[in-house]
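# Architecture at a glance
Each chain, written out:
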Amino acid sequence: MNTYRIAVIPGDGIGPEVVAEGLRVLRAVGGADAGFSLELEELPWGSAYYDRHGRMMPEDAIPTLRAFDSIYFGAVGRPDLPDDLTVWGLILPMRRELDLYVNLRPVRLYPGVPTPLRPEVGEPHFTFVRENTEGEYAGLGGRQGQGEHELAVQTGVFTRRGIQRVVEYAFSLAAPGSLVTSVTKSNALRHAFTLWDEVAAEVAARHPDMRFEKMHVDAVAYQLVRNPARFGVLVGSNLFGDILTDLGAGLQGSLGLAASANLCPGQRLALFEPVHGSAPDIAGQGKANPLGAVACAALMLAHLGERQAAGRIERAMEHVTRQQVFTPDLGGSCSTREVGDALLAALGSEHRKGAT
Ligand code: NAD
Ligand code: IPM
Ligand code: MN
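Residues numbered from 1 in each chain as written. Chains lettered and ligands numbered in written order. Predicted model: local features only at pLDDT ≥ 70, side-chain atom pairs only at ≥ 80, totals over all residues.

As annotated in an unreviewed UniProt entry, the protein chain is Tartrate dehydrogenase/decarboxylase TtuC from Deinococcus aluminii.

Below is the structure:
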C-alpha cells in the first residue's frame, strides 16, 4: 500500500477553516480499502509563526518540505501585517525555491452553481497555465528618492528557458486539435513579451497537431467574459495568470471554488492551494466556501497517481453543488462545516452503493 507524506500548511484567516474540510475529505477517501494512506503533518507556519519567531516559516523550511510527497496549503495574509511581508515570507519562496514553475488553474463549472454567464455564451472549460517562478514576480527593483521625486522601479525577468518550459507544459496538456492561447502584451511591454511571443511560436511549431494563437492580455480578458467557451489551454506570465485566474474564478461563480496546483513537471513534490487568499472579511465566521480547497485535495491525489480517489472527491463535490449546499458566496446559508458534512455524506453513500 502506498503511503504519502503530506505537509499541511493551513496558514492564516480562512486558510485553516477550508483546509480542515479538505483534510476531512482526504481522510475519508484514504485508507486500507482505497489502497493508499496519507500521513498528514501539520506545519504551523504563517502570521502566528511570525508573531513568535519574526519570520513566516523556519529557516530550514525549504529542505524540510523537500522530504514530503506533497504540500497542501491554505492561504496567507493578516491585515495587521504588510501583505508583501507575508507573501514574500511564505508562499512566493515556496513556489520559487522548489522550482514549481507551473501554476495550473482549471476553470470548470459545477452543476447547480449560479454564475454570471449568459446561457448563450456556452460553458467555460479551460485550464490556465501560469508561469510561477519569474516574470513580473522576480522581486527586482526598489524605491528611491523622497517626496515628489520618489520613484519605484519594478523589474520583470523573463528567460528563454522559463518561457519555453511553461509553454511546453501547456502544449503537453492540450488534446490534439485543441486550442492553446499564449497571453502577452508584446505591443506595449515590448522586451519581455516579444521574447515570449517568439519562444511560444517556436514551441507551437513543434506541435503542429494543436491549434495555437497569441492574444494580448486585454483582449483575453474581454473574450473570457464574452466568449469563454472558445478557450482550451491558456498560458501566460505570472502576473497576467494571477489576474486572469481570479476572472476565471468569477466565471465559475465564486473565488471560493477555484483550485490550483503548483508543479514542477516530472517531480513528485508539488503544492496545492485554493486560488483565493485569507479573506479577512469573512475569517472566523464559518462562512468560507471550502470547495476550492477540497478541489485542491482532488488535484493532489490525481497528481500522486490516486485517480480513483480524486474522482470520488470530484463526484462528491458535484453532488453537493447539485443539491445547492452553498455557503453565502454562492447565495446559500450553509457554514463551511456543513458543506464538509455534506461532502462526507456524499462520499459515504457512494461507498455504500459501491459495496452493495
Ligand atoms: P481574497 O481572495 O482573500 O478575498 C477576496 C474576496 O473573495 C473577499 O471578499 C473574500 O471574502 C472572498 N473569498 C475568498 N475566498 C473565499 C472563500 N473560500 N469563500 C467565500 N468567499 C471567499 O483576496 P484579498 O482580499 O485580495 O486578500 C486578502 C489577503 O489574502 C491578503 O493578505 C492577500 O495578500 C492574501 N492573499 C493570499 C493568497 C494566498 O495565500 N495564496 C492569495 C490571495 C490573497
Ligand atoms: C495567488 C495569490 C498570490 C499571487 C499572492 C498571495 C502573492 O494572489 O495565488 O493567486 O499573486 O500569486
Ligand atoms: Mn491571485
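That shown, we press on.
## Points about the environment of Leu291
Relative to the helices and strands, Leu291 is located in helix H10 (residues 291-303). In this structure Leu291 comes out as buried when scored by C-beta crowding, with 32 C-beta atoms within 10 Å. With 270 residues separating them in the primary sequence, Leu291 and Glu21 have C-alpha atoms 8.6 Å apart. The residues touching Leu291, leaving out its near neighbours within four places in the chain, are Gly256, Leu257, Met317 and Val339. (Helix = DSSP H or I, 4+ residues; strand = E, 2+ residues; numbered from the N terminus. Buried ≥ 20, exposed ≤ 12 C-beta atoms within 10 Å, placed from the backbone. Contact = placed C-beta atoms within 7 Å.)

## Some details on the packing of helix H6 (residues 160-173) against helix H7 (residues 190-205)
Viewed as axis vectors pointing N to C, H6 and H7 meet at an angle of 45°, and their least axial separation amounts to 9 Å. Judged by the inter-axis angle, H6 sits oblique to H7. Relative to H7, H6 is oriented so that their crossing is right-handed. Here Arg160, Ile163, Gln164, Val167, Glu168 and Phe171 of H6 lie close against H7, whose contacting residues are Leu195, Trp196, Val199, Ala200 and Val203. (Axes fitted to C-alpha atoms, helices over the stretch in contact; angles between N-to-C directions. Parallel < 35°, antiparallel > 145°, perpendicular 65-115°, else oblique. Left-handed = near helix turned anticlockwise from the far one by under 90°.)

## Some points on the domain arrangement of the protein chain
By domain assignment, the protein chain separates into domain 1 (1-102 + 260-356) and domain 2 (115-252). The interface of domain 1 with domain 2 comprises ten residues on the first partner and twelve residues on the second. The dominant element in the side of domain 1 that touches domain 2, judged by the number of residues it contributes, is helix H5 (residues 91-97), at three residues. When the residues that make up the side of domain 1 that touches domain 2 are grouped by side-chain class, the tally is six nonpolar, one polar and three charged. (Domains from an automatic or database assignment. Nonpolar A, V, L, I, M, F, W, Y, C, P; charged D, E, K, R; others polar.)

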